[in-house]
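Analysis of the macromolecular model
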Amino acid sequence: MAAVICGSLAFDTIMNFEGRFSQQILPDQLHILNVSFLVPGLRRDFGGCAGNIAYALKRLGGQPLPMATLGTDGASYLERLQSLGISTEFVRRIEDSYTAQAMIMTDLDNNQITAFHPGAMMQAHLTRIEARPDIRLGIISPDGRDAMLQHAEQMHAAGIPFVFDPGQGLPMFDGRELAAFIEQATWVTVNDYEGKMLGERTGWSPAEISRRVQGLVVTLGGEGCEVWIGGEKTLVPGVKASAVVDPTGCGDAWRGALLHGLEQGWPLVRCAELGNRVGAAKVASRGPQNWDWAG
């Protein structure tokens, strides 16, 4: 069974700030913010939500089908996916555009500041989703606005159960649009901050959202996650990482594990438990697609 993973493929530029943002950004001076951070550590990784989720699902033995766009500079990413045995059937190259780029700076407390250039991602809606016997599952993760709207409609029309995971793309949508996503989806996943925004914009509590889908998961970082089913909440404890090396891509690794569990027909709580374990393994490794999984 294959899973369509709609989202971004991006190059991540990762910078490490050997201090704390809270010590550099003065709350009473935000109206004249002008700060500079010295970042001795810098590297470039393959990233983007679709790429990271596909990497995690493949590591766990699944069959990811990333549906995403690359720019004229994306040849190395295509080669990367192919070397991992990940299908590039639904990966489109866009001329006259760069591949999406994320500039991510992390401080000593693992807080992050990210700047994101969407580039070719804004053309992701050009690829359509059609019903196919081998495609039994999907996820809508952060992508171009039009792509997220259209791919959700297409998956719903094709009868493909999917996870709505708006992530950092959530602010692009108003309450009516977010409600439509939820009504079309089978499951919803958000982190704690996104969950509050989702609730404010739709006017629905987590319990109400969970009654409209088969399950809602609210991730809480190292504290684990809340699994809401039919209005009832179950807290799934977090898993302590063997070392805190790099949080970049942790949420995507979690979602790859979620898809793996759903593919197996597991209960949502069991899927979340695996997600917490995989997320901890990711945190202990540098880069969003460099971690391994021993089970």
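Numbering of residues begins from 1 in every chain and follows the order in which that chain's sequence is written. Only residues with pLDDT of 70 or above have their local features reported here, since the model is predicted, and side-chain atom pairs are shown and tallied only from 80 upward, although totals for entire chains, interfaces and linings are computed over all residues. Side-chain numbers here rest on the full set of heavy atoms in the structure, without hydrogens or water.

1. Side note on the overall build of the protein
By definition, any uninterrupted DSSP run of H or I lasting at least four residues is a helix, any uninterrupted run of E lasting at least two residues is a strand, and each is numbered from the N terminus. Counting its secondary structure elements, the protein contains nine helices and 13 strands. Compactness check: the protein gives a C-alpha radius of gyration of 18 Å against a globular reference of 19 Å for 295 residues, within 12% of the reference. Projected onto its principal axes, the C-alpha coordinates of the protein cover approximately 50 × 45 × 40 Å. Between buried and exposed lies partly exposed: a residue is buried under 20% and exposed over 50% of the maximum accessible area for its type, with that area taken using a 1.4 Å probe on protein chains only. For the protein, the proportion of its 295 residues judged to be buried stands at 54%. Note on contacts: a residue pair is in contact if any heavy atoms of the two residues lie within 4.5 Å. Within the protein, residue pairs in contact and separated by at least 24 positions form 68% of the contacts whose partners lie at least 6 positions apart. Our radius of gyration looks at C-alpha atoms and nothing else; its globule reference is 2.2 Å times the residue count to the power 0.38.

2. Here's the deal with the sheet that holds strand E2 (residues 10-16)
An order of E3-E2-E6-E7 is seen for the four strands of this open sheet, with the pairing classed as mixed. Each edge of the sheet is formed by a strand with only one pairing partner; in this case those strands are strand E3 (41-47) and strand E7 (112-117). Strand-to-strand twist in this sheet, taken as the mean axis angle between neighbours without regard to direction, amounts to 20 degrees. Any two strands with at least two DSSP-identified bridges between them are counted as paired. Interaxial angles span 0 to 180 degrees and are taken between N-to-C directions of axes, which are lines fitted to C-alpha atoms, for helices over the stretch in contact.

3. Quick notes on the packing of aromatic side chains
Centres within 6.5 Å make a pair out of two Phe, Tyr or Trp rings, where for Trp the six-membered ring is used; the pair is then stacked when the planes are under 30 degrees apart, edge-to-face when over 60, and tilted otherwise. For the structure on display, the rule yields nine aromatic pairs. Aromatic side chains Phe 11 and Phe 46 sit 6.0 Å apart centroid to centroid with 50 degrees between the ring planes, which places their arrangement in the tilted category. You can see Phe 11 sitting in strand E2 and its partner Phe 46 sitting in strand E3, a full 35 residues away along the chain. Residue classification places Phe 46 among the partly exposed residues on the basis of a relative accessible area of 25%. Here Phe 46 and Tyr 77 contribute two aromatic rings whose centre-to-centre distance is 5.0 Å and whose plane-to-plane angle is 65 degrees, an arrangement assigned as edge-to-face. Of this pair, Phe 46 sits in strand E3 while Tyr 77 sits in helix H3 (residues 75-83), placing them 31 residues apart in sequence. Connected via pairs of aromatic rings, a cluster forms that spans Phe 11, Phe 46 and Tyr 77.

4. Some thoughts on helix H6 (residues 192-202)
Listing the buried residues of H6 in full gives Glu 194, Gly 195, Met 197, Leu 198, Gly 199 and Thr 202. Contacts made by the buried residues of H6 are with helix H5 (175-184), strand E10 (187-191) and helix H7 (206-212). Each polar contact in these results corresponds to two N or O atoms within 3.5 Å; when the atoms are within protein, one needs to be able to donate a hydrogen and the other to accept it, and residues that are neighboring in sequence are counted only if both atoms are side-chain atoms. Between the side-chain oxygen at the start of H6 and the backbone nitrogen of Tyr 193 there is a gap of 3.2 Å, and the oxygen is on Asn 191. Phi for Gly 203, located one or two positions after H6, is positive at around 80 degrees.

5. Structural notes on the pattern of salt bridges
In the sections that follow, a salt bridge refers to a side-chain nitrogen of Lys or Arg positioned within 4 Å of a carboxyl oxygen of Asp or Glu. One pass over the structure, following the stated rule, counts 12 salt bridges. A salt bridge links Arg 20 to Asp 109, with the nearest nitrogen and oxygen atoms 3.1 Å apart. A residue pair is termed long-range when its members are at least 10 positions apart, and Arg 20 in the loop between E2 and helix H1 (21-24) and Asp 109 in the loop between strand E6 (100-106) and E7 qualify at 89 residues. Exposure remark for Asp 109: the relative accessible area of 39% places this residue in the partly exposed category. Among the charged side chains, a salt-bridge network with shared partners connects Arg 43, Asp 45 and Asp 246.

6. A look at the pairing of strand E1 (residues 2-6)
Across the five residues of E1, five count as buried, placing the element largely inside the fold. Burial of E1 is two-sided: the residues Ala 2, Val 4 and Cys 6 facing one way and the residues Ala 3 and Ile 5 facing the other way are all buried. The pairing of E1 with strand E4 (residues 63-70) spans five bridges and is parallel. Each residue of the ladder has a partner; that of Val 4, found in E4, is Leu 65.

7. Details of the side chain of His 151
For His 151, the position within the fold is in helix H4 (residues 145-158). Judged by its relative accessible area of 1%, His 151 falls in the buried class.

8. Considering the layout of surface pockets
Considering only enclosed or pocket space, the largest pocket measures out at about 1400 Å³ in volume. Gln 112, Pro 247, Gly 249, Cys 250 and Gly 251 are the residues nearest the centre of the largest pocket, which is lined by 47 residues in total. Mapped by element, the contributors of at least two residues to the lining of the largest pocket are E2, helix H2 (49-59), E6, E7, helix H8 (250-263) and helix H9 (268-283). Split into classes, the residues belonging to the lining of the largest pocket amount to 19 nonpolar, 21 polar and seven charged. Every definition here rests on a 1 Å grid over the protein atoms only: cavities are sets of points where a 1.4 Å probe fits but cannot get out, pockets are open sets enclosed by protein on both sides within 12 Å along at least five of seven lines, and lining residues have some atom within 4 Å of a point. Grid points are joined across faces, edges and corners, and a volume is the space filled by probe spheres set on the points. Approximately 210 Å³ is the volume found for the second largest pocket. Around the second largest pocket, the lining is made up of 14 residues, and of these Asn 16, Thr 106, Asp 107, Asn 110 and Val 245 lie nearest the centre. Ten residues, namely Ala, Val, Leu, Ile, Met, Phe, Trp, Tyr, Cys and Pro, are considered nonpolar, four, namely Asp, Glu, Lys and Arg, are considered charged, and the remaining ones, Gly among them, are considered polar. Broken down by class, the residue content of the lining of the second largest pocket amounts to six nonpolar, three polar and five charged.

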